[in-house]
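Observations on the three-dimensional arrangement
Given next are the chains, with one letter for each unit.
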Amino acid sequence: MTDEVGFAIVGLGMGRGRAEMCNETFGARLVAVCDIWEERGRAVEEALDVEWIRDYQDVLAREDIDVVGLFTPSGLHCSMAVEALNAGKHVCMTKPMDIRVAACNAAIQAAEANDLVLAIDFESRYQAVNHQIHAALQSGAIGSIIFADLRMKKFRGQDYYDSGVPEGWRSRRSTEGGSLANQAVHYVDLLQWWLGPVERVVGSTGTFAHNIETEDASISLLQFESETQAAVLTTTCSFPDLGTVIEVNGVNGTICWKDQEITLFEATQTRNVDGGHRPNYVHPGYMQQPESVQLKPEDFATPEELPANIIEDMVGAVVEGKPVQCDGYEGRKTVQIIEAVYESSKTGDWVDIS
Ligand SMILES: NC(=O)c1ccc[n+]([C@@H]2O[C@H](COP(=O)([O-])OP(=O)(O)OC[C@H]3O[C@@H](n4cnc5c(N)ncnc54)[C@H](O)[C@@H]3O)[C@@H](O)[C@H]2O)c1
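Residues numbered from 1 in each chain as written. Predicted model: local features only at pLDDT ≥ 70, side-chain atom pairs only at ≥ 80, totals over all residues.

**Digging into the overall build of the protein chain**
Counting its secondary structure elements, the protein chain contains 11 helices and 15 strands. Principal axes of the C-alpha set define a box for the protein chain whose edges measure 75 × 45 × 35 Å. Considering the protein chain as a whole, with its 354 residues, one finds that 47% of them fall into the buried category. (Helix = DSSP H or I, 4+ residues; strand = E, 2+ residues; numbered from the N terminus. Buried ≥ 20, exposed ≤ 12 C-beta atoms within 10 Å, placed from the backbone.)

Have a look at this one:
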């Protein structure tokens, strides 16, 4: 390995931005880009002055490539990761880790067997505000958690589902999930990161406004090991697009989050940090509101050296052995939750997360 970490970026839809990131990241070197679609490959080759490789196997055979970044359709992520890991490459991949838990298991196993880095690129994990919320919840800033709700109400037209390479992959169960697996996976990841392991789920999915095999709306209930519950609504039918809101209610306060920003972070003056489920109302008057304090996100810690993005994260992991923000085990958790909701939607029963 040279001093710089050599990257190949595979899949040049959203992967093109990640290829540009390699050029902007200290310690990273973009060695090649790969895509089976010649027009896209040539366009990036010219724009970034980098070699385009059509065949993925040729990427894996190259000795000057240390890290393979996978930005191909979701159902290909883990099978391509296994090939790369067995060829001795570290791997990062966009979300979701895959659409099947079994595929995630195979990639985790290959990373372990070859002692290589496997990371999932969740952009939210590189936002300081999300770490501050995590730290605030851990420290009991809003008391023990009653429940949370996640409402993702996005808009995607039929053209979005009909496009892509291979054509229409976003609409098919074999290559992608629906609103929950494709879009909401980012926010389900936040929920499980902030609130801890999910024990079981029940849910229902449906297709309302698109001609697709996958769902464009889902509603589910997540029960956490901590006994907290979260209601999750996802859709790509919402016109207008209302973005995503997550609200977490604790016995002493509330955190509201919308599209990577805190919109409300407030607690009662008198903290009930004993883990009880009843607020300590200090005011004698019936229905009188306790005094509130505005909490400041910056009072809660972020990791000292939070990488700016997945490329910087991979450089730190490969060169210095630092842990990545989301490894294979962590990335698999959202796939487990989502697969369980899809299963529950078929049977109508609660599904345990094993
Ligand atoms: N913000 C995010 O995190 C974010 C945003 C968009 C998409 N994504 C994810 O990125 C992935 C790709 O989405 P997209 O919107 O860029 O799709 P896309 O269809 O625009 O691009 C996928 C590319 O992969 C290429 N490809 C397919 N099979 C290949 C193979 N075997 N070898 C080499 N190249 C191959 C295609 O030719 C195409 O150019 C999906 O998993 C999606 O969920 C993540």
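**Some thoughts on the nonpolar core**
Ala 8, Ala 81, Ala 107, Leu 191 and Met 314 are the most contacted members of the largest nonpolar core, which totals 99 residues. With eight residues, the single largest contributor to this core is helix 9 (residues 185-195). When we break this core down by domain, the ones giving at least three residues each are domain 1 (5-121 + 306-326) and domain 2 (125-302). Dropping the residues within four chain positions of it, Ala 81 is found in contact with Leu 70, Val 91, Met 93, Ala 107 and Leu 118. (Core = buried A, V, L, I, M, F, W, Y, C linked by C-beta atoms within 7 Å. Domains from an automatic or database assignment. Contact = placed C-beta atoms within 7 Å.)

**Side note on the site of the ligand**
Of all residues adjacent to the ligand, which total 22 residues, the nearest are Gly 11, Gly 13, Trp 37, Gly 164 and Val 165. Its residues assigned to classes, the shell around the ligand shows 11 nonpolar, seven polar and four charged. (Near = placed C-beta within 6 Å. Nonpolar A, V, L, I, M, F, W, Y, C, P; charged D, E, K, R; others polar.)

**Concerning the domain arrangement of the protein chain**
Taken domain by domain, the protein chain comprises domain 1 (5-121 + 306-326) and domain 2 (125-302). Counting residues at the interface gives 13 residues for domain 1 and 16 residues for domain 2. Its residues placed into classes, the side of domain 1 that touches domain 2 shows eight nonpolar, four polar and one charged.

**Regarding the environment of Ala 301**
Topologically, Ala 301 is positioned in the loop between strand 14 (292-294) and helix 10 (310-320). Owing to 14 C-beta atoms within 10 Å, Ala 301 belongs among the partly exposed residues under this scheme. Between the alpha carbons of Ala 301 and Val 82 there is a distance of 35 Å; along the sequence they are 219 residues apart.

**Some thoughts on the sheet that holds strand 4 (residues 67-70)**
Within the open sheet, the six strands sit side by side as 3-2-1-4-5-6. Their pairing is parallel. One side of each edge strand has no neighbouring strand; the edge strands of this open sheet are strand 3 (51-53) and strand 6 (118-121). Direction aside, the axes of adjacent strands within the sheet are offset by 25° on average. Of the strand pairs in this sheet, strand 4 and strand 5 (residues 90-94) are connected by four bridges, and their pairing is parallel. Looking at strand 5, one finds that Val 67 is bridged to His 90. Packing against the sheet, helix 10 makes contact with strand 1 (5-10), strand 2 (28-34), strand 4, strand 5 and strand 6, and its axis sits at approximately 165° to strand 6. (Pairing = 2+ DSSP bridges. Axes fitted to C-alpha atoms, helices over the stretch in contact; angles between N-to-C directions.)

**Focus: unusual backbone geometry**
Of the consecutive residues Lys 95 and Pro 96, the connecting peptide bond is found in the cis state with omega at -20°. Considering the arrangement of structural elements, one finds Pro 96 in the loop between strand 5 and helix 5 (101-114). In this structure, the amide linkage connecting Val 165 to the following residue, Pro 166, adopts the cis form with an omega of 0°. Mapped onto the fold, Pro 166 is located in the loop between helix 7 (158-162) and helix 8 (179-183). Phi angles above zero are rare outside glycine, and Glu 227 is one such case at about 80°. Note that Glu 227 resides in the loop between strand 9 (217-224) and strand 10 (229-235). Judged by the 11 C-beta atoms lying within 10 Å of it, Glu 227 falls in the exposed class. Of note, the phi angle at Gln 260 is positive, near 70°, even though the residue is not glycine. Structurally, Gln 260 can be placed in the loop between strand 12 (253-258) and strand 13 (261-268).

**Considerations on the sheet that holds strand 15 (residues 351-352)**
Spatially, the nine strands line up as an open sheet ordered 14-13-12-11-7-10-9-8-15, and their pairing is mixed. Since the sheet does not close on itself, it has two edges, and those belong to strand 14 and strand 15, each with one partner. For strand 8 (residues 198-206) and strand 15, the ladder comprises two bridges, and the chain directions are antiparallel. Following the sheet pairing, Arg 200 is matched in strand 15 by Asp 352. Across the sheet, helix 9 touches strand 7 (145-153), strand 8, strand 9, strand 10 and strand 11 (243-250), and the angle it forms with strand 7 is around 170°. Against the sheet, helix 11 (residues 328-347) touches strand 8, strand 9 and strand 15, its axis set at about 55° to strand 8.

**A short note on the packing of helix 4 (residues 77-86) against helix 5**
Each pair of packed helices can be summarised by the angle the axes make with each other and by the distance between the axes. The contact between helix 4 and helix 5 brings their axes to 8 Å, and the two run at 10°. What the angle tells us is that helix 4 and helix 5 run roughly parallel. Of helix 5, the residues touching helix 4 (which contributes Cys 78, Ser 79, Ala 81, Val 82, Leu 85 and Asn 86) are Ala 103, Cys 104, Ala 106, Ala 107, Ala 110, Ala 111 and Asn 114. Classifying every residue of the contact of helix 4 with helix 5 by side-chain character gives 10 nonpolar, three polar and no charged. (Parallel < 35°, antiparallel > 145°, perpendicular 65-115°, else oblique.)

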